[in-house]
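Chain by chain, the residues run as shown.
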Amino acid sequence: MRRATAAVPVAQALTLESGDELLLVGRRDAMLEAHALVGPEVAGTETNEIVLVERDFVMTNKEAEGRTVADLRREAPVEVRHGVFVKSVKRMGMQLPSLGKITLQRGDVITLQGLQEDIERAGAVLGKEVPHGNKTSLVFVGLALILGLCIGHLSVRIGGVPMTLGSGGGALLTGLASGWLLSRRPTWGTFPPAAYELLKDLGLAVFVVCVGLSAGPQAAVLLREHGLALPVVGICVSLIPALVSLWVGHKLLRIDGPILIGAIAGQQASTPAISAVVQTADSALPVVGYTVTYALSNVLLPLMGPAVVFVAHQFSH
């Protein structure tokens, strides 16, 4: 604020006078209505000393969990929320829409915008600041992989069936644990989104190539032996559970359509599916239903594989 030619520090108890010049920062719709409350807009105000910054914070505050951004804005004390704007909220690297309706979860990355001192004050209440930079903590990632491989080699026999997570399941389990740990202690390790996307895309490509190389030599033999029944059965195995889940979620559980579609993609443990759904819907809302089911499916998938083979072997006899 400027009064005459002097800058006046802004405070909650400051009394405005006619002729004061105010620099307002806020949402576009609020700025368009500001003239009716304050007065006409003027040009030529010096704003070089006003520097707005953005910072990312991992939400770790238990009291904020389960509340929406609108709830936090309404319930937070004035001295905490003053001058701070929530620009975006990301969950699993994907931006969430409808910030006034979707409840926040611990581990969400919230981008705050405002003056440096205002953001530091509000961020300290909200959670931990995400370290900036493009460096990956290879020690943290390497230890998680080694621990996952060790866990994957453990085997327990249940009813004569060896149950094991395997190397992939063990790495996934430690990955889930590491992600949970980093959501509460983000300064322990850094894993930039660009590195995550590279590993995810590379891992998916290598997986598809390995499956093709291992199944390719047998594909022609199996097709000659079973004909079109083999691809038809494969389509049914993928499609029928998804359709049943769609009916149960819509008719019985009354889950909203976008969230239900994301949950089904997670149930199928299919990252390409959720990417296609998000792209087609032009919204990140399906990610809300994808996160939990994807984690559960990836843990159960390696465990149920030996059980299914054992049951099929018993029926063959």
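Conventions and cut-offs
- Residues numbered from 1 in each chain as written.
- Predicted model: local features only at pLDDT ≥ 70, side-chain atom pairs only at ≥ 80, totals over all residues.
- Heavy atoms only, no water.
- Patch = residues over 30% accessible without salt bridge, like charges linked within 9 Å, V, L, I, M, F, W, Y side chains within 5 Å.
- Areas by Shrake-Rupley, 256 points an atom, 1.4 Å probe, with all protein chains shown as cover.
- Salt bridge = Lys/Arg side-chain N within 4 Å of Asp/Glu carboxyl O.
- Helix = DSSP H or I, 4+ residues; strand = E, 2+ residues; numbered from the N terminus.
- Buried < 20%, exposed > 50% of the residue type's maximum accessible area, 1.4 Å probe, protein only.
- Expected span 1.5 Å × (residues − 1).
- Contact = heavy atoms within 4.5 Å.
- Pairing = 2+ DSSP bridges.
- Axes fitted to C-alpha atoms, helices over the stretch in contact; angles between N-to-C directions.
- Left-handed = near helix turned anticlockwise from the far one by under 90°.
- Nonpolar A, V, L, I, M, F, W, Y, C, P; charged D, E, K, R; others polar.
- Phe/Tyr/Trp six-rings, centres within 6.5 Å; stacked < 30°, edge-to-face > 60°.
- Core = buried A, V, L, I, M, F, W, Y, C linked by side-chain atoms within 4.5 Å.
- Arc of directions from axis to C-beta.
- Polar contact = N/O pair within 3.5 Å; in protein donor to acceptor, adjacent residues only side chain to side chain.

S.K.: I'm lost on a nonpolar patch on the surface in this one. Help?
M.R.: A cluster of nonpolar side chains, namely Leu16, Leu22, Leu24, Met31, Leu37 and Val38, defines an oily patch on the protein surface of about 550 Å² accessible area. Here methionine 31 lies in helix 1 (residues 28–32). A relative accessible area of 31% means that methionine 31 is categorised as partly exposed.

S.K.: How should helix 9 (residues 229–252) be read in this particular structure?
M.R.: In an α-helix, one turn spans 3.6 residues, which is why side chains three or four residues apart end up on the same side. The end-to-end C-alpha separation of helix 9 is 33 Å, in line with the 34 Å expected for 24 residues at 1.5 Å each. For helix 9, every residue scored as buried is listed here: Ala242, Ser245 and Gly249. Those residues of helix 9 hidden inside the fold are in contact with helix 10 (257–267). Positive phi shows up at arginine 254, right after helix 9, with a value of about 60°.

S.K.: What is the right way to read the sheet that holds strand 7 (residues 127–129) from this model?
M.R.: Whenever strands of a sheet pair, they do so through backbone hydrogen bonds, lying parallel or antiparallel. An order of 5-4-6-3-7 is seen for the 5 strands of this open sheet, with the pairing classed as antiparallel. The two strands at the open ends of the sheet, each matched to only one other strand, are strand 5 (94–95) and strand 7. As judged from the 3 bridges shared by strand 3 (residues 53–59) and strand 7, these two strands associate in the antiparallel manner. For valine 58, the partnering residue across the bridge sits in strand 7 and is lysine 128. Helix 5 (residues 116–126) contacts strand 3, strand 4 (84–91), strand 6 (109–114) and strand 7 of the sheet and is inclined by roughly 5° relative to strand 3.

S.K.: Would you explain the pairing of strand 6 in this entry?
M.R.: Consecutive residues of a regular strand have side chains that alternate between opposite faces of the sheet. Sheet topology places strand 3 next to strand 6; 6 bridges connect them, and they run antiparallel. Residue pairing in the sheet places glutamate 54 in a bridge with glutamine 113 of strand 6. Taken together, the 6 bridges between strand 4 and strand 6 define a ladder with antiparallel strand orientation. What sits directly across from phenylalanine 85, in strand 6, is glutamine 113.

S.K.: Teacher, can you tell me more about the packing of helix 9 against helix 10 here?
M.R.: Packed helices, taken two at a time, are described by the angle their axes make and the gap between the axes. Orientation of helix 9 relative to helix 10, taken along the N-to-C sense of each, is 145°, at an axis distance of 10 Å. Both helix 9 and helix 10 take part in a crossing whose hand is right-handed. Seen from helix 9, the contacting residues are Pro241, Ala242, Ser245, Leu246, Gly249 and His250; seen from helix 10, they are Leu260, Ile261, Ile264 and Gln267. Of the residues belonging to the contact of helix 9 with helix 10, the class tally is 6 nonpolar, 4 polar and no charged.

S.K.: It is not clear to me how the environment of glycine 19 should be interpreted in this structure. Could you clarify?
M.R.: Along the chain, glycine 19 falls in the loop between strand 2 (6–7) and helix 1. The exposure class assigned to glycine 19 is exposed, which follows from its relative accessible area of 65%. Sequence separation between glycine 19 and leucine 115 is 96 residues, and the spatial gap between their C-alpha atoms is 25 Å.

S.K.: Teacher, can you tell me more about the packing of aromatic side chains here?
M.R.: The description of an aromatic ring pair uses the distance of the two centres, along with the angle that the planes make with each other. On inspection of all chains with the given rule, the structure shows 1 aromatic pair. Here the aromatic rings of tyrosine 290 and tyrosine 294 are separated by 4.9 Å at their centres, their planes lie at 25°, and the arrangement is stacked. Within this pair, tyrosine 290 and its partner tyrosine 294 are both found in helix 12 (residues 287–316), separated by 4 residues, close to a single helical turn.

S.K.: What is the right way to read the nonpolar core from this model?
M.R.: A general trend in soluble globular proteins is that nonpolar side chains are found buried together. The biggest cluster of nonpolar side chains holds 16 residues, and the ones touching the most others in it are Met59, Val89, Leu104, Ile110, Leu112 and Leu126. Mapped by element, the contributors of at least two residues to this core are strand 3, strand 4, strand 6 and helix 5. Counting 6 residues, the second largest nonpolar core, distinct from the first, contains Ala265, Ile274, Val278 and Ala284.

S.K.: What am I meant to see in helix 5 here?
M.R.: Within helix 5 the residues assigned to the buried category are Asp118, Ile119, Ala122, Gly123 and Leu126. The buried residues of helix 5 occupy an angular sector of 120° when the element is viewed end-on, so they sit on one face. Residues of helix 5 that are buried sit in contact with strand 3, helix 3 (69–75), helix 4 (78–81), strand 4, strand 6 and strand 7.

S.K.: Explanation requested: the side chain of aspartate 71 in the structure shown.
M.R.: By the secondary structure assignment, aspartate 71 is in helix 3. Assessed through its relative accessible area of 19%, aspartate 71 is described here as buried. Within the structure, aspartate 71 has its side chain in polar contact with the side chain of arginine 74 (distance 2.5 Å).

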